[in-house]
Amino acid sequence: MFIRQHMLLNYLQNNQFLRPTGLINRLLQPSGISLSTNQFWWYAFLYWSFFSVMWSFQAMLAWLLTPNARLYVTELIYWMIEFLFWWAVTPLIIYCAQLFPVLINQKSVQLFRQICMHVVIVAVLYMIELAIEYSILGRAMAYEKGEIITIRRIALVFAFSYGTAFSQYMLLVVCFNIFMHMYRFQALQQQHLRMELTNEQLKSQLAGAQLQSLKMQLNPHFLFNTLHTVVSLIIQHQNKKAAHMVTSLSDLLRGVLARRQANFLELREELQLTRQYLAIQQIRFEDKLRIEYAIEPEAEQCLVPQLILQPLVENAVTHGIADLTEGALIRIAARRSDSNIRIEVFDNGTGQNQLQPTSGTGLGLSNTLLRLQQAYGENASLLFEQPPGGTTTVSLLIPYL
């Protein structure tokens, strides 16, 4: 029995619809207005107190300006009951304001229908108020004023005072509808901002996943080309060069795997991977290949997609200087220009390179273009310059990050 009572007590405490605050919370929930129960009753108290002060001031002024006038105690109690009544039915008024909203953008017929509903509601509430007041104060008022309170007199009070009651009621309804739509609009704005933030996060995650996928495509492609060169050296009985190349390849792959989770690297780290790759190629070409670097110190700190240079350098080797018997040159330059960084890969080959060759490094270059588009959109570009007479310069322009 004790356990059942304890469980019932916990249920009553945790169920917001059965707690005293549950009614106000449920009442305000559709409107989106966040108020505690105490705040709700306090604001309602201030609203109706404003009119009570006006009524009291008006009565006092009339009493002072009227000769031989008398201020009756029952009238003060009457105003107090009136104040307490409208303050008590405020939740009902708010409920009716939500049930029959009065909006400027409503159709004329619908707006007229809603106002008529409020006219009826105010009439019912005001009749209930008068019935309560005269049932409590009827005899006292008759005794104090020396006249009988009849139904006709109550009807006259209703007729003369209904307009005031309706105005106060409708002012609360209209104000509540205004605040309700303001809060709903703010809630929609916040929801829209949250959705935009979520979409941007999803786009960023998708772009990162696509960059990682493209990078993983590039690794086996590069590995295949290098191993193909090793096999060629073995076939040519250049085993020492082949062994040296495998060792250099191992160092390069170790560096790539150490950074496998990073989609972006500083340019100085990317250049280190590129130097390791060119070290492999220099084993192949020996003294025929000369490599130059012109890297501004400021440019080394820029973030670039990992392995973005390797396909460009590989393209210069395979399609640029591969057929040269001597004096092959590859120059890598990087400099910052305003908010961008320009990276250039120059070779003094025959100038037969293409932006999207159909063989060899075709995957590497198409992969590079896709990675640039994923990482920077329209803010990055890849250009080929091939003047008459030979040489090729591949220029990579990306934002400085």
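These figures come from a predicted structure and were not determined experimentally. (Residues numbered from 1 in each chain as written. Predicted model: local features only at pLDDT ≥ 70, side-chain atom pairs only at ≥ 80, totals over all residues. Heavy atoms only, no water.)

**Student:** Tell me about the overall build of the chain, and name the residues and values.
**Tutor:** Scanning the chain from terminus to terminus reveals 11 helices and 7 strands. For the chain, contacts bridging at least 24 residues in sequence account for 75% of all contacts bridging at least 6. When the accessible area of the chain is evaluated, it comes to approximately 23800 Å², of which 62% is carbon and sulfur surface. (Helix = DSSP H or I, 4+ residues; strand = E, 2+ residues; numbered from the N terminus. Contact = heavy atoms within 4.5 Å. Areas by Shrake-Rupley, 256 points an atom, 1.4 Å probe, with all protein chains shown as cover.)

**Student:** Account for unusual backbone geometry, naming residues and giving values.
**Tutor:** Although it is not a glycine, His 237 sits at a positive phi angle of roughly 60 degrees. With respect to the helices and strands, the residue His 237 is situated in the loop between α7 (151-235) and α8 (239-258). Of the residues examined, His 237 reaches a relative accessible area of 68% and is grouped as exposed. The backbone phi angle of Asp 338 is positive, close to 55 degrees, even though this residue is not glycine. The topology assignment puts Asp 338 in the loop between β4 (328-337) and β5 (340-347). (Buried < 20%, exposed > 50% of the residue type's maximum accessible area, 1.4 Å probe, protein only.)

**Student:** Quick one: what's the story with the packing of aromatic side chains, residue by residue and with numbers?
**Tutor:** Under the criterion given, the structure shown has 17 aromatic pairs. Consider the rings of Trp 48 and Trp 86, whose centres lie 5.7 Å apart with planes at 25 degrees: the pair is stacked. Of this pair, Trp 48 sits in helix α3 (residues 37-65) while Trp 86 sits in helix α4 (residues 73-88), placing them 38 residues apart in sequence. For the ring pair Phe 85 and Trp 86, a centre distance of 5.4 Å and an interplane angle of 85 degrees mean the geometry is edge-to-face. Above the ring of Tyr 293, the side-chain terminus of Arg 275 is found at 4.3 Å from the ring centroid. A cation over an aromatic ring shows up here: Arg 336 above the ring of Tyr 400, its NZ or CZ 3.9 Å from the ring centre. (Phe/Tyr/Trp six-rings, centres within 6.5 Å; stacked < 30°, edge-to-face > 60°. Lys NZ or Arg CZ within 6 Å of the ring centre and 35° of its normal.)

**Student:** Quick rundown of α3? Include the residues and the values.
**Tutor:** Taking 1.5 Å of rise per residue, the 29 residues of α3 would be expected to cover 42 Å, and the 42 Å separating its terminal C-alpha atoms lies within 8% of that figure. Of the residues making up α3, those classed as buried are Thr 37, Phe 40, Ala 44, Tyr 47, Trp 48, Ser 49, Phe 51, Ser 52, Trp 55 and Ala 59. (Expected span 1.5 Å × (residues − 1).)

**Student:** Mind laying out the packing of α3 against α4, listing which residues take part and the relevant values?
**Tutor:** α4 packs onto α3 with a crossing angle of 155 degrees between their chain directions and a minimal axis gap of 9 Å. With respect to α4, the element α3 is oriented roughly antiparallel. For the element pair α3 and α4, the recorded crossing hand is right-handed. Residues Trp 41, Ala 44, Phe 45, Trp 48, Ser 49, Ser 52, Trp 55, Ser 56 and Ala 59 of α3 form the contact with α4, whose own contacting residues are Trp 79, Glu 82, Phe 83, Trp 86, Trp 87 and Ala 88. Looking at the contact of α3 with α4 residue by residue, the classes come out as 11 nonpolar, 3 polar and 1 charged. (Axes fitted to C-alpha atoms, helices over the stretch in contact; angles between N-to-C directions. Parallel < 35°, antiparallel > 145°, perpendicular 65-115°, else oblique. Left-handed = near helix turned anticlockwise from the far one by under 90°. Nonpolar A, V, L, I, M, F, W, Y, C, P; charged D, E, K, R; others polar.)

**Student:** How would you explain the pairing of strand β6 (residues 381-385) if you had to name every residue and give the values?
**Tutor:** Inspection of the sheet shows β6 paired to strand β7 (residues 392-399) by 5 bridges, in the antiparallel sense. When the bridges of β7 are listed, Ser 381 appears paired with Leu 397. Counting the residues between successive antiparallel strands, the hairpin from β6 to β7 contains 6 residues, one of them, Gly 389, with a positive phi of roughly 100 degrees. (Pairing = 2+ DSSP bridges.)

**Student:** Now, about the side chain of Glu 82: what can you tell me, with residues and values included?
**Tutor:** Inspection of the secondary structure puts Glu 82 in helix α4. Non-local contacts of Glu 82, meaning those with residues more than four positions away in its chain, are made with Trp 55, Tyr 126, Glu 129 and Glu 133.

**Student:** Help me get a handle on the environment of Leu 171, residues and values and all.
**Tutor:** Within the element layout of this structure, Leu 171 appears in helix α7. By relative accessible area, which is 39% here, Leu 171 ends up partly exposed. Excluding anything up to four places from it in sequence, Leu 171 contacts Tyr 47 and Phe 51.

**Student:** I'd love a proper account of the sheet that holds β5, names of residues and values included.
**Tutor:** A sheet is described by the order of its strands in space; here 5 strands give the open sequence β2-β4-β5-β7-β6, paired in mixed fashion. Strands with a single pairing partner mark the edges of an open sheet, and in this sheet they are β2 (289-295) and β6. Strand-to-strand, the axes of this sheet are offset by a mean angle of 10 degrees, without reference to chain direction. Sheet analysis places β2 next to β4, joined by 7 bridges and oriented parallel. Each bridged residue has a counterpart across the sheet, and for Ile 295 the counterpart in β4 is Ala 334.

**Student:** Could you give an account of helix α5 (residues 90-99), with specific residues and numbers?
**Tutor:** Taken across its 10 residues, α5 has 7 buried, putting it largely inside the fold. Within α5, the full set of buried residues consists of Thr 90, Pro 91, Ile 93, Ile 94, Cys 96, Ala 97 and Gln 98.

**Student:** Could you give me a rundown of the pattern of salt bridges, with the residues and numbers involved?
**Tutor:** Following the criterion strictly, the structure yields 7 salt bridges and no others. Glu 292 is the salt-bridge partner of Arg 290, the closest N and O atoms lying 2.2 Å from each other. Given the relative accessible area of 26%, Glu 292 is considered partly exposed. When the shortest N-O distance is used, the salt bridge between Arg 342 and Glu 385 registers 3.8 Å. Separated by 43 residues along the polypeptide, Arg 342 in strand β5 and Glu 385 in strand β6 bring together distant segments of the chain. Taking relative accessible area as the criterion, Glu 385 reaches 38% and is therefore assigned partly exposed. (Salt bridge = Lys/Arg side-chain N within 4 Å of Asp/Glu carboxyl O.)

Functional significance is not addressed by these values, which are geometric in nature.
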